[in-house]
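Summary of the model geometry
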Amino acid sequence: MKIVLLGAPGSGKGTLAGKLVDELNIPTISTGDLLRKTAASGTEFGNKIKETMASGGLVSTETVLEMLKARLGESDTKNGYILDGFPRTIEQAQLLENIADIDACLYLDVDKDVIVDRLSGRITCRDCGKIYNSKTYKETTCECGGELYVRDDDKPEAIAIRFETYEKNTKPLIKYYQDKGILKTVKGMDDPMDTFKNAIDALDCAQKEN
Ligand code: AMP
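Residues numbered from 1 in each chain as written. Predicted model: local features only at pLDDT ≥ 70, side-chain atom pairs only at ≥ 80, totals over all residues. Heavy atoms only, no water.

1. Considering the pattern of salt bridges
Test applied: A side-chain nitrogen of Lys or Arg and a carboxyl oxygen of Asp or Glu constitute a salt bridge if their distance falls within 4 Å. Secondary structure elements follow DSSP: runs of H or I of four or more residues count as helices, runs of E of two or more count as strands, with numbering from the N terminus. Burial classes: relative accessible area under 20% of the type maximum marks a residue as buried, over 50% as exposed, and values in between as partly exposed (1.4 Å probe, protein chains only).
Applying the stated criterion across every chain, the model contains 17 salt bridges. Salt-bridge contacts for Arg71 lead to Glu74; the nearest nitrogen and oxygen are separated by 3.3 Å. Note that Asp179 is salt-bridged to Lys175, the shortest N-O span being 2.7 Å. Placement of the pair is Asp179 and Lys175 together in helix H8 (residues 172-179), with a separation of four residues, close to one helical turn. The same class applies to Asp179 and to Lys175, which are both exposed.

2. Some points on the state of the cysteines
Condition: Counting rule for disulfides: a pair of cysteine sulfur atoms within 2.5 Å.
Following the criterion strictly, the structure yields zero disulfides and no others. Cys144 provides the cysteine sulfur closest to Cys142, a residue in no disulfide bond, and the two sulfurs are 3.7 Å apart.

3. Regarding unusual backbone geometry
Residue Pro87 is bonded to the preceding Phe86 through a cis peptide linkage, with omega at 0°. Its location among the elements puts Pro87 in the loop between strand E3 (81-84) and helix H5 (90-99). One non-glycine residue with positive phi stands out, namely Asn25, at about 60°. Among the structural elements, Asn25 can be located in the loop between helix H1 (13-24) and strand E2 (28-30).

4. A word on the packing of aromatic side chains
To describe a pair of aromatic rings, one takes the distance between the centres and the angle between the planes. Quick note on the threshold: Pairing of aromatic rings covers Phe, Tyr and the six-membered ring of Trp, with a centre-to-centre limit of 6.5 Å; geometry is then stacked below 30 degrees between planes, edge-to-face above 60, and tilted otherwise.
If you walk through the whole model with that rule in mind, you get two aromatic pairs. Ring plane angle 25° and centroid distance 3.8 Å describe the contact between Tyr132 and Tyr137, whose orientation is recorded as stacked. Exposure class is identical for Tyr132 and Tyr137. Each is buried. With centroids separated by 5.2 Å and ring planes inclined at 85°, the aromatic side chains of Tyr176 and Tyr177 adopt a geometry described as edge-to-face.

5. Considering the nonpolar core
The criterion, for reference: Within this scheme, the nonpolar core is defined by two criteria: the residues are buried Ala, Val, Leu, Ile, Met, Phe, Trp, Tyr or Cys, and they are joined through side-chain atoms within 4.5 Å. Any two residues whose heavy atoms approach within 4.5 Å are treated as being in contact.
One finds Leu20, Leu83, Leu96, Leu106 and Tyr177 to be the most contacted residues of the largest nonpolar core, which totals 52 residues. The residues contacting Tyr177, other than those within four sequence positions of it, are Val4, Pro87, Ala93, Leu96, Cys105, Ile182 and Leu183. One finds Ile123, Cys125, Tyr132 and Cys142 within the second-largest nonpolar core, a separate group that totals six residues.

6. So, the environment of Gly56
Mapped onto the elements, Gly56 comes out in the loop between helix H3 (44-55) and helix H4 (61-72). With 141 residues separating them in the primary sequence, Gly56 and Lys197 have C-alpha atoms 31 Å apart. Beyond its immediate sequence surroundings of up to four residues, Gly56 is in contact with Ala158, Ile161, Arg162 and Thr165.

7. Some thoughts on the site of the ligand
For the record, the criterion: Residues are labelled near a given molecule or strand when at least one of their non-hydrogen atoms is within 4 Å of it. Two N or O atoms form a polar contact when they lie within 3.5 Å of each other; inside protein one atom must be a possible hydrogen donor and the other a possible acceptor, and for residues adjacent in sequence the pair counts only when both atoms belong to side chains. Gly is put with the polar residues, along with every residue not named as nonpolar or charged; the nonpolar set is Ala, Val, Leu, Ile, Met, Phe, Trp, Tyr, Cys and Pro, and the charged set is Asp, Glu, Lys and Arg.
In the vicinity of the ligand there are 16 residues, among which Thr31, Arg36, Gly57, Gly85 and Arg88 approach most closely. Contact between the ligand and Gly85: a nitrogen atom at 2.9 Å from a main-chain N or O atom of the residue. In the model, a nitrogen atom of the ligand is placed 2.9 Å from a nitrogen or oxygen of the Arg88 side chain. With four residues, helix H2 (residues 31-39) is the single largest residue contributor to the shell around the ligand. Residue classes in the shell around the ligand are distributed as six nonpolar, five polar and five charged.

8. Examining the sheet that holds strand E6 (residues 131-133)
Where we set the bar: One requirement defines pairing of two strands: DSSP has to find at least two bridges between them.
Pairing in this open sheet of three strands is antiparallel, and the strands run E6-E5-E7 from one edge to the other. Two strands lie at the open edges of the sheet, namely E6 and strand E7 (148-149), each paired on one side alone. As defined by bridge partners, strand E5 (residues 122-125) adjoins E7 across two bridges and the pair is classed as antiparallel. Bridge pairing in E7 places Cys125 opposite Leu148.

9. Observations concerning the sheet that holds strand E1 (residues 2-6)
Strand pairing within a sheet occurs via backbone hydrogen bonds; the two strands may be parallel or antiparallel. Heads up, the rule is: Helix axes are fitted only over the stretch in contact, all axes being lines through C-alpha atoms; the angle between N-to-C directions runs from 0 to 180 degrees.
Here five strands make up an open sheet; going across it, the order is E2-E3-E1-E4-E8 and the pairing parallel. A strand with exactly one partner marks an edge of an open sheet, and here the two such strands are E2 and strand E8 (183-187). When strand polarity is set aside, the average angle formed by the axes of neighbouring strands in this sheet is 25°. Inspection of the sheet shows E1 paired to E3 by four bridges, in the parallel sense. Looking at the pairing, Val4 lines up with Leu83 of E3.

Shown next, in the form of structure tokens:
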């Protein structure tokens, strides 16, 4: 099954994807993670990507698509995958159609005030990418032992721009996938396990329809 995960920054896409991976036995492909790896390479190209990401804006579609295509060519994607962070624009969704038949788009619906609260305390592990909230997680390192840090794009100035970018460029994808008849809205809950159960229910419907 090929799934697109859609939702505002901080809606919990990464957390949900992590749970779906175990359940569905397919990998998650996060374009944000792919870009962060390149951004950390120290090359001029990497530094340019890092700058764009830190600003809260979007990296060029050409760059992201190239990385995505390479990742989709790997053998673990043969039974499907979950796309987290792609597409982010209608143009990207149209380009995706040339390389993949998407079965379902899971739209993670979370109230904006909940999201702003979550993002403002978000800390990420430098090693495994796990996300915590500094208001509830009081350790100084990740469970894996990795260093925790605040991503540049989780700083307040960038959060505001990421929201604007989402509203303007990414939100129209809800209607895009609705019109294609594959949109499944998943209500995001306080407890990630409840969100996960909602997603599984939505996907069961999608599987029955296919
Ligand atoms: P994420 O980890 O999905 O929140 O992505 C972090 C940042 O990576 C975004 O704010 C963008 O700057 C960049 N990014 C991730 N995916 C894309 C995409 N599909 N198109 C353009 N930029 C992206």
